[in-house]
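Chains, contacts and geometry: an overview
Each chain, written out:
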There are 2 protein chains.
Amino acid sequence: MVIVHVFVRVKPEALEAFRSATIENARNSVLEPGIARFDVIQQTDDPTCFVLVEVYRTVEDTVRHKETAHYAAWRDAVAGMMAEPRTSIKYDNVYPDDSGW
Amino acid sequence: MVIVHVFVRVKPEALEAFRSATIENARNSVLEPGIARFDVIQQTDDPTCFVLVEVYRTVEDTVRHKETAHYAAWRDAVAGMMAEPRTSIKYDNVYPDDSGW
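Residues numbered from 1 in each chain as written. Chains lettered and ligands numbered in written order. Predicted model: local features only at pLDDT ≥ 70, side-chain atom pairs only at ≥ 80, totals over all residues. Heavy atoms only, no water.

1. A look at helix α1 (residues 15–29) of chain A
With 15 residues, α1(A) extends 21 Å from end C-alpha to end C-alpha; this agrees with the ideal 21 Å at 1.5 Å per step. Looking at α1(A), one finds that the buried residues are A:L15, A:F18, A:A21, A:T22, A:I23, A:N25, A:A26 and A:S29. Check the buried side of α1(A) and you find it contacts β1 (2–9), β2 (35–43), β3 (49–56), α2 (59–66) and α3 (69–78) of chain A together with β4 (87–95) of chain B. (Helix = DSSP H or I, 4+ residues; strand = E, 2+ residues; numbered from the N terminus. Expected span 1.5 Å × (residues − 1). Buried < 20%, exposed > 50% of the residue type's maximum accessible area, 1.4 Å probe, protein only. Contact = heavy atoms within 4.5 Å.)

2. Details of the relation of the copies chain A and chain B
Each copy of the sequence occupies a distinct position, and chain A is placed on chain B by a rotation of 180 degrees and an axial shift of 0.0 Å, giving an RMSD of 0.0 Å. Seen this way, the second copy is the image of the first under a two-fold rotation axis. Of every C-alpha in chain A, the one belonging to A:V53 sits nearest the axis of rotation, 4.9 Å from it. Here 100% of the contact residues of chain A are again contact residues in chain B; the copies associate through an equivalent surface. (Least-squares fit on C-alpha atoms with pLDDT ≥ 70 in both.)

3. Comments concerning unusual backbone geometry
With an omega of -5 degrees, the peptide bond running from A:Y95 to A:P96 counts as cis. Mapped onto the elements of the fold, A:P96 is located in the segment after β4 (87–95).

4. Details of the packing of helix α1 (residues 15–29) of chain B against helix α3 (residues 69–78) of chain B
In helix packing, the relevant descriptors are the interaxial angle and the interaxial distance, both defined with respect to the helix axes. Residue and element names in this part refer to chain B. Packing of α1 against α3 leaves a shortest axis separation of 9 Å and a crossing angle of 170 degrees. Judged by the angle between their axes, α1 and α3 are roughly antiparallel. The crossing of α1 and α3 is left-handed. Judged by residue contacts, F18, A21, T22, N25, N28 and S29 of α1 engage H70, Y71, W74, A77 and V78 from α3. Per-class residue counts for the contact of α1 with α3 are six nonpolar, five polar and no charged. (Axes fitted to C-alpha atoms, helices over the stretch in contact; angles between N-to-C directions. Parallel < 35°, antiparallel > 145°, perpendicular 65-115°, else oblique. Left-handed = near helix turned anticlockwise from the far one by under 90°. Nonpolar A, V, L, I, M, F, W, Y, C, P; charged D, E, K, R; others polar.)

5. A closer look at α3(B)
Residue and element names in this part refer to chain B. Buried within α3 are the following residues: H70, Y71, W74 and V78. Down the axis of α3, the sector holding all buried residues measures 100 degrees, keeping them to one side. For α3, the exposed residues lying more than 90 degrees away from the buried face are A69 and D76. (Arc of directions from axis to C-beta.)

6. Some details on the sheet that holds strand β2 (residues 35–43) of chain B
On the basis of which strands lie adjacent, the closed barrel formed by eight strands has the order β1(A)-β3(A)-β2(A)-β4(B)-β1(B)-β3(B)-β2(B)-β4(A) and antiparallel pairing. Taken over all neighbouring pairs, the strand axes of this sheet differ in orientation by 35 degrees on average, direction set aside. The strands touched by α1(A) are β1, β2 and β3 of chain A together with β4 of chain B; relative to β2(A), the strand with the most contacts, the crossing angle is about 165 degrees. (Pairing = 2+ DSSP bridges.)

7. Focus: the packing of aromatic side chains
Inspection of every chain in the model, using the stated rule, returns six aromatic pairs over all chains. Note on A:Y71 and A:W74: the rings are 6.2 Å apart at their centroids and 40 degrees apart in plane angle, and the pair reads as tilted. Taken together, the residues span about one helical turn, with A:Y71 and A:W74 both in helix α3 at a distance of three residues. Members of the aromatic cluster, each reached through a chain of ring pairs, are A:F18, A:F50, A:Y71 and A:W74. In this structure, A:R37 packs its charged tip against the face of B:W101, placed 4.6 Å from the ring centre. (Phe/Tyr/Trp six-rings, centres within 6.5 Å; stacked < 30°, edge-to-face > 60°. Lys NZ or Arg CZ within 6 Å of the ring centre and 35° of its normal.)

8. Regarding the pairing of β2(B)
Counting buried residues along β2(B), eight of its nine residues qualify, which places the element largely inside the surrounding structure. Bridging between β4(A) and β2(B) involves four bridges; their strand directions are antiparallel. Among the inter-strand pairings, A:D92 is bridged to a residue of β2(B), identified as B:Q42. Taken together, the seven bridges between β2(B) and strand β3 (residues 49–56) of chain B define a ladder with antiparallel strand orientation.

9. Concerning the side chain of B:Q42
Residue position: B:Q42 is located in strand β2. In this structure B:Q42 comes out as buried when scored by relative accessible area, which is 11%. Setting aside chain neighbours within four positions, we find B:Q42 in contact with A:K90, A:Y91, A:D92, A:V94, B:L15, B:R19, B:P47, B:C49 and B:F50.

None of the figures reported here should be taken as evidence of function without further support.
The structure is reproduced here in structure tokens:
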């Protein structure tokens, strides 16, 4: 699997709008055949910090995701909501193996 | 859900031993009724960096996990394998809701 953690810090006044737009994107993303999970989590002690936990089956699936209408809509909707540019880190799965997602 | 990301940097010479011990702990942890996921991932561009992605149903389940024999065995086995003390961050789930784990 190709796992991408995307780190987003949101402007406090945009928290609810960011949550709504990001839930909508996640709902559509999990319908993509190449996406095994697309979790959105919010830091307990700092609710302005979110992580998108994206689990793709292949590298090609990460490219396909960025070609979807829902990704483009999310990217444009949240552009002005971020307190700083988002960052990401890529991971490989150790456990479970590919059959466990 | 109570989601905990545990960040571990491993000494290069201990990589394989850490992977083995951590897979064994994850295999046992997912059998705990209070644990929905217990993923282990390894940073693609720096294989010495791991994240344990632990998804608990309640705070009490995080306490129960630390009382298990497999947690104690893992903690003791990996103590000397870490290049620095491990850290963690707690998150709440935004998507999916609790029924999606």
